Amino acid sequence: GTTLGTAAAEKGRYFGTAVAAYKLSDSTYSGILNREFNMVTPENEMKWDATEPNQNQFSYGSADQIVNYAQSHGMRVRGHALAWHSQQPGWAQNLSGTALRNAMINHITNVAGHYKGKIYAWDVVNEAFADGGGGGRRDSNLQRTGNDWIEVAFRTARAADPGAKLCYNDYNTDDWNQAKTQGVYNMVKDFKARGVPIDCVGFQSHLNNQSPYPSNYRTTLSNFAALGVEVQITELDIEQANTTWYRNVTSDCLAVAACAGITVWGIRDSDSWRSSQNPLLFDGSGNKKAAYTAVLDALNSG
Ligand code: G3I
C-alpha cells in the first residue's frame, strides 16, 4: 500500500487518527485525512462535557459532523469516551452516589443510542486505573459510586448499541510487568469469566522515549488477546516521533492477530495535544516525516 490506510487494510487492519471537527474545513488537514486514514476518533467532541453540557440536554453537533464526514468518506469511527473521570461537565462533577451513577447510565444510554449502528468500537470506560505500583482503580467520583461502575457502564453500552465493540481504554498499560497493566488484565479476565460484555482493550500509547521502549509490548497485546478480546492501539504519539519506536509499535501490532488497528492522536505535529514534542507523522505543514515512512514500511513488510 502507498498510504497508511491502504497498507493497513492489506494486512486486515485499519489505520486511524484523532480528528477535531473544527479542522475539517482546513484543506491541508482534510487532504491528508482523506488520503491516509480509514478510521477516525473524535478527539474531544464525544466527551461528556461536549455531549451533555446540561443534565439530560444532549448536544451532538460537532460529533455528528465528524461521524457524517467519516461515513461520506468511507471511514469508520471509534467512539471516545462514554465514562471518564476527566472532561465531565460541571453539573456531573458536582454529583455523587446514586445521582451520579444514574446520570452516567442516562448519559451512556443516550450517547451510544444516538450513534447506534455507526460506531465500530466505543471507549466505554477510559483511564479508570491508577498509575504506580498498586494496580488498583483510580480514585474518582465515578469510582466512589461503587466498584461495579465499570461493568454497569459496559452493560448499559451493550444495551444501547449491541453492534458496537465495547472497549476499555487506558495509558501506561503497554509494559506487561507494570502493576497497572496487570490490574486491567485481571479486570478483563474477570469480566470475561462473568459474562460482562467487553470486546476490546485500547492501548493509548502516548509514549515517551526517555524510558526504554516497552520491549514486551507484543507480549502484553497477545496476553490480552488470549482472554478473547480485540486489542487496538488507540492514541499513538511518541516524543520527537522516534522512528524506531513508531516502527516497533507498528510491527508489534502486526505480530498479534487480534490487534485490529492503530490510531495516531492527531495528523500534524501542530494538531497534537503535546505539539512541542513534535510527536506525530506529519509536520506542521503537512509533510510526511521519517516516522511516517517507518510506519508505512512496517505495514508493508512481512
Ligand atoms: O474548546 C475549548 C475552547 O472553546 C476554549 O477556548 C479553550 C480554552 O482552554 O479550550 C478548548 O477546549 C480544550 C479542548 O482540548 C479542545 O481544544 C480543552 O481546554 C482541553 O482540555 C482539551 O484537551 C484535550 C484533552 O484530551 C482533555 O480532554 C485534548 O485536546 C485531547 O487531545 C486530549 O486527549 C486525551 C484523550 O481524550 C484521553 N487520553 C489522553 C489524551 C491526551 O491527553
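For clarity, every value in this text was computed on a predicted model and none was experimentally measured.

Here is what the cut-offs are and how they apply
Residues numbered from 1 in each chain as written. Predicted model: local features only at pLDDT ≥ 70, side-chain atom pairs only at ≥ 80, totals over all residues. Heavy atoms only, no water. Helix = DSSP H or I, 4+ residues; strand = E, 2+ residues; numbered from the N terminus. Buried < 20%, exposed > 50% of the residue type's maximum accessible area, 1.4 Å probe, protein only. Phe/Tyr/Trp six-rings, centres within 6.5 Å; stacked < 30°, edge-to-face > 60°. UniProt positions renumbered as here; feature names shortened; annotations may be inferred. Contact = heavy atoms within 4.5 Å. Polar contact = N/O pair within 3.5 Å; in protein donor to acceptor, adjacent residues only side chain to side chain. Pairing = 2+ DSSP bridges. Right-handed = clockwise from strand over helix to strand, strands pointing away.

(A) Region of interest: unusual backbone geometry. Here the bond from His 80 into Ala 81 is cis, since omega is -5 degrees, no more than 30 degrees from zero. Looking at the secondary structure, you find Ala 81 in strand E3 (residues 76-84). Of note, Ala 241 is a non-glycine position whose phi angle comes to about 50 degrees, a positive value. Assignment of secondary structure puts Ala 241 in the loop between strand E8 (230-238) and helix H10 (243-254). Of the residues examined, Ala 241 reaches a relative accessible area of 5% and is grouped as buried.

(B) Examining the packing of aromatic side chains more closely. Evaluated as defined, the whole model comprises 14 aromatic pairs. Between Phe 15 and Phe 37, the aromatic rings sit 6.1 Å apart at their centres with planes inclined by 40 degrees, giving tilted as the arrangement. Of this pair, Phe 15 sits in strand E1 (residues 14-19) while Phe 37 sits in the loop between helix H2 (27-36) and strand E2 (39-42); the two residues are 22 residues apart in sequence, bridging distant segments of the chain. On the basis of relative accessible area, Phe 15 is assigned to the buried category, the value being 1%. Both rings, one in Trp 176 and one in Tyr 185, keep their centres 5.0 Å apart while their planes meet at 90 degrees; by these two values the pair is edge-to-face.

(C) Structural view of the UniProt feature "active site" (unreviewed entry) in the protein chain. UniProt tags Glu 235 as "active site" (unreviewed entry). Mapped onto the elements, Glu 235 comes out in strand E8. When neighbours within four sequence positions are excluded, Glu 235 is seen to be in contact with His 80, Asn 126, Asn 169, Phe 203, Gln 204, Ser 205, His 206, Thr 263 and Trp 265. A distance of 3.1 Å separates the side chain of Glu 235 from the side chain of Asn 169, its partner in a polar contact.

(D) How the structure looks around the pairing of E8. Most of E8 sits out of view: nine of its nine residues are buried. Looking at chain direction, strand E6 (residues 200-203) and E8 are connected through four bridges and run parallel. Along E8, the bridge assignment pairs Gly 202 with Gln 232. The pairing of strand E7 (residues 206-207) with E8 spans two bridges and is classified as parallel. Across the sheet, His 206 pairs through a bridge with Asp 237, a residue of E8. Once you follow E7 into helix H9 (residues 217-225) and on to E8, the crossover reads as right-handed. Two elements, E8 and strand E9 (residues 259-264), share three bridges in a ladder whose sense is parallel.

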